[in-house]
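A look at the structure
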Amino acid sequence: MEFLSLGSMPPANALLRPNELNKDEPRYPLSLRLCESCGMVQLGHVVPPQLLFRSYLFFTSSSQRMADHFADLMSDCAREFVRPGGLIVEIGSNDGTALSSIDRRDVRLLGIDPARNIAVMAAARGVPTVSEFFSDPLAQEVVRVAGQASLVVACNVLGHVDDLDDLCRGVKTLLAPGGAFVFEVPYLVDLLDRLEYDTVYHEHLSYFAVRPLATLLSRHGLRLERVEFFPVHGGTLRGTAVHGGGVSGAVGELIAGEQRRGLSTLRMMNGVAQGVQQLRLNLRERLTELRASGKKVIGYGAPAKGTVVLNYCGIGIDLMPVVLDSTPAKQGLHVPGTHQPILPSSALVDQRPDVVLLLAWNHAEEIVQREAAFRERGGRFLTPHLREL
Ligand code: JHZ
């Protein structure tokens, strides 16, 4: 049952070149649905993955905090699960940031990522990368060539994959006995509690609570053994699964807690949808007031999330003339739909805004610290959830 519609939107990372601004942009419906029986929350419409992921503009290395987070994950998991000579495979390895952080010389590494432009960057970091979509047939091929993996890692990947059964079959094929599948996904409960509607975009097909994850894994002979939570990306769930069935006692308790909260009820989702609609009105009102009082507002960060906020809230160039982003590949391009030009972060000084809308709010600490001089000059940071920083 559909409970939230964000309208029809261009894909969040389909940034435009200046000569594309007058052309029609492909738009696709963006809405969330709940399966009341299994608790899965998913998009109502699937954009073909070839259009979204073959050439990709998001680089894991763009945040030092995220790079540190993944380095910790890799070193902890390698210590726990990988013996000398063992193989570590990362699905969705992006630019190789996580795998290249492993400082052990006695393990073998393999990245798998469909983005061809990014695989080149991973190779330059010394990470051998297969530039393909992960699938069970690909897993069989990896096993044939390199053997099974003691550790399979997939961070922010499960939500991006339409055929989750095939992905789990592939993990089952790839995982050596005694090995672990460690994955991270944005945690649905945080999304709902904090109204993080901007993490809903065409790349993210599924939004996970613990119960549907456990059901999915167990259907493929994988047992969800451990679940941990981290604050990154607005609330992240890290799961560790091993060969087997069912769930551990601790995971069972988490599932019971989610059920007690009424997580898979339409009633709860409808409340969230109302909160999101209110947030849109409030943000538009605040930006309109700022403009009326002669204040200049610009955006900081051109993340996928930013495209959603600007398009859903109807924030055009009149309310926000430019957006800044530190990623060289994004600079000189324009935000899909609303068309703000993307300038380097260094333009903050020349732009002289009064208020910065922190579209990359999940990196607030890193950004606010770096841009301390802006606040010293009297500037203010505001998040799309109307938090003042
Ligand atoms: P960021 C990505 O979402 C895409 P996005 C993906 N689909 C996913 O699942 C999630 O991550 C988890 C810039 N920046 O990380 C860099 C600065 O300008 O929120 C990025 O363009 N200055 C895989 O795109 C953007 O902000 C800075 O100091 O929503 C952040 O993008 C920092 C730290 C970042 O991901």
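What counts and how
Residues numbered from 1 in each chain as written. Predicted model: local features only at pLDDT ≥ 70, side-chain atom pairs only at ≥ 80, totals over all residues. Heavy atoms only, no water. Domains from an automatic or database assignment. Contact = heavy atoms within 4.5 Å. Buried area = accessible area lost by both parts, 1.4 Å probe. Salt bridge = Lys/Arg side-chain N within 4 Å of Asp/Glu carboxyl O. Polar contact = N/O pair within 3.5 Å; in protein donor to acceptor, adjacent residues only side chain to side chain. Helix = DSSP H or I, 4+ residues; strand = E, 2+ residues; numbered from the N terminus. Near = heavy atom within 4 Å. Areas by Shrake-Rupley, 256 points an atom, 1.4 Å probe, with all protein chains shown as cover. Nonpolar A, V, L, I, M, F, W, Y, C, P; charged D, E, K, R; others polar. Pairing = 2+ DSSP bridges. Expected span 1.5 Å × (residues − 1). Buried < 20%, exposed > 50% of the residue type's maximum accessible area, 1.4 Å probe, protein only. Arc of directions from axis to C-beta. Core = buried A, V, L, I, M, F, W, Y, C linked by side-chain atoms within 4.5 Å. Right-handed = clockwise from strand over helix to strand, strands pointing away.

Taken domain by domain, the protein comprises domain 1 (2–33 + 267–382) and domain 2 (43–264). The centre of domain 1, based on its C-alpha atoms, is set 28 Å off from the matching centre of domain 2. The partner domain 2 presents 30 residues to the 33 residues of domain 1 that form the contact. Together domain 1 and domain 2 conceal approximately 3,000 Å² of surface at their shared face, both sides included; 70% is due to carbon and sulfur atoms. On inspection of domain 1 and its partner domain 2, the count reaches zero salt bridges. Counting across the domain 1 and domain 2 interface gives ten residue pairs in polar contact (both at pLDDT 80 or more). Those elements giving two or more residues to the side of domain 1 that touches domain 2 turn out to be β1 (2–9), β2 (28–34), α10 (266–292) and α11 (304–312).

Taken together, 25 residues lie near the ligand, and Lys305, Asp325, Lys330, His363 and Arg370 sit nearest. Within the side chain of His204, a nitrogen or oxygen atom sits 2.9 Å from an oxygen atom of the ligand. When the ligand is considered free in solution it has 730 Å² of accessible area, and contact with the protein chains removes 97% of it. For the shell around the ligand, the secondary-structure elements that each account for two or more residues are α11 and α13 (364–370). A total of three residues in the shell around the ligand trace back to one element, the largest contributor, which is α13. For the shell around the ligand, a count of residues per class yields eight nonpolar, eleven polar and six charged. Taken domain by domain, the makeup of the shell around the ligand includes at least three residues from each of domain 1 (2–33 + 267–382) and domain 2 (43–264).

Before going further, it helps to spend a moment on the sheet that holds strand β9 (residues 206–207). Across the sheet, four strands lie side by side as β1-β2-β3-β9; this open sheet has antiparallel pairing. Across the chains shown, the open sheet's two edge strands, defined by having one partner strand only, are β1 and β9.

Let's shift gears to helix α2 (residues 64–81). If you check α2, its first and last C-alpha atoms are 25 Å apart, about what 18 residues at 1.5 Å a residue would give, namely 26 Å. Of all the residues in α2, the buried ones are Met66, Ala67, His69, Phe70, Leu73, Met74, Cys77, Ala78 and Phe81. With its buried residues spanning 160° around the axis, α2 presents them on a single face. Looking at the packing, one finds that the buried side of α2 touches β4 (87–91), α3 (97–100), β7 (149–155), β8 (175–186), β10 (222–230) and β11 (236–243).

The element α11 is largely enclosed, with a buried count of nine among its nine residues. Restricting attention to buried positions, one finds in α11 the residues Ala304, Lys305, Gly306, Thr307, Val308, Val309, Leu310, Asn311 and Tyr312. At its buried positions, α11 is contacted by β1, α10 and β13 (323–324). Directly beyond the C-terminal end of α11, a positive phi value near 65° is found at Gly314.

Glancing now at the nonpolar core. The tendency in soluble globular proteins is for nonpolar side chains to be buried side by side. Core analysis: the largest hydrophobic core is formed by 90 residues, its most contacted members being Leu6, Leu158, Phe181, Phe183, Tyr197 and Ile315. Among the elements that take part in this core, α10 stands out by supplying ten residues, more than any other. Both domains that furnish three or more residues to this core are identified here as domain 1 (2–33 + 267–382) and domain 2 (43–264). Ignoring anything within four residues of it in the chain, the contact list for Leu158 reads Leu164, Leu167, Phe181, Phe183, Val185, Phe208 and Leu213. Within the second largest apolar cluster, 21 residues are counted, among which are Phe70, Met74, Val153 and Cys155.

This part is about the sheet that holds strand β6 (residues 129–130). An order of β6-β5-β4-β7-β8-β11-β10 is seen for the seven strands of this open sheet, with the pairing classed as mixed. Strand pairing shows two members of the sheet lacking a second neighbour, β6 and β10, which therefore form its edges. Relative to β11, β10 runs antiparallel, the two being bridged by eight bridges. Looking at the pairing, Val227 lines up with Gly239 of β11.

For the rest of this paragraph, the subject is the pattern of salt bridges. Counted according to the given criterion, the structure contains 18 salt bridges. Across the pair Glu196 and Arg194 runs a salt bridge whose closest N-O atoms are separated by 3.8 Å. Using a relative accessible area of 5% as the deciding quantity, one classes Glu196 as buried. Across the pair Glu388 and Arg380 runs a salt bridge whose closest N-O atoms are separated by 3.3 Å. Assessed through its relative accessible area of 33%, Arg380 is described here as partly exposed. Three or more residues are tied together by salt bridges with common partners; here these are Asp190, Arg194 and Glu196.

In this section: the pairing of β7. Extensive coverage of β7 is indicated by the burial of seven of its seven residues. The pairing of β4 with β7 spans four bridges and is classified as parallel. Looking across to β7, one finds that Ile88 is bridged to Leu151. Two elements, β7 and β8, share six bridges in a ladder whose sense is parallel. The partner of Leu151 across the bridge, within β8, is Ala180. As a crossover connection, the stretch from β7 through helix α6 (residues 164–174) into β8 is right-handed.

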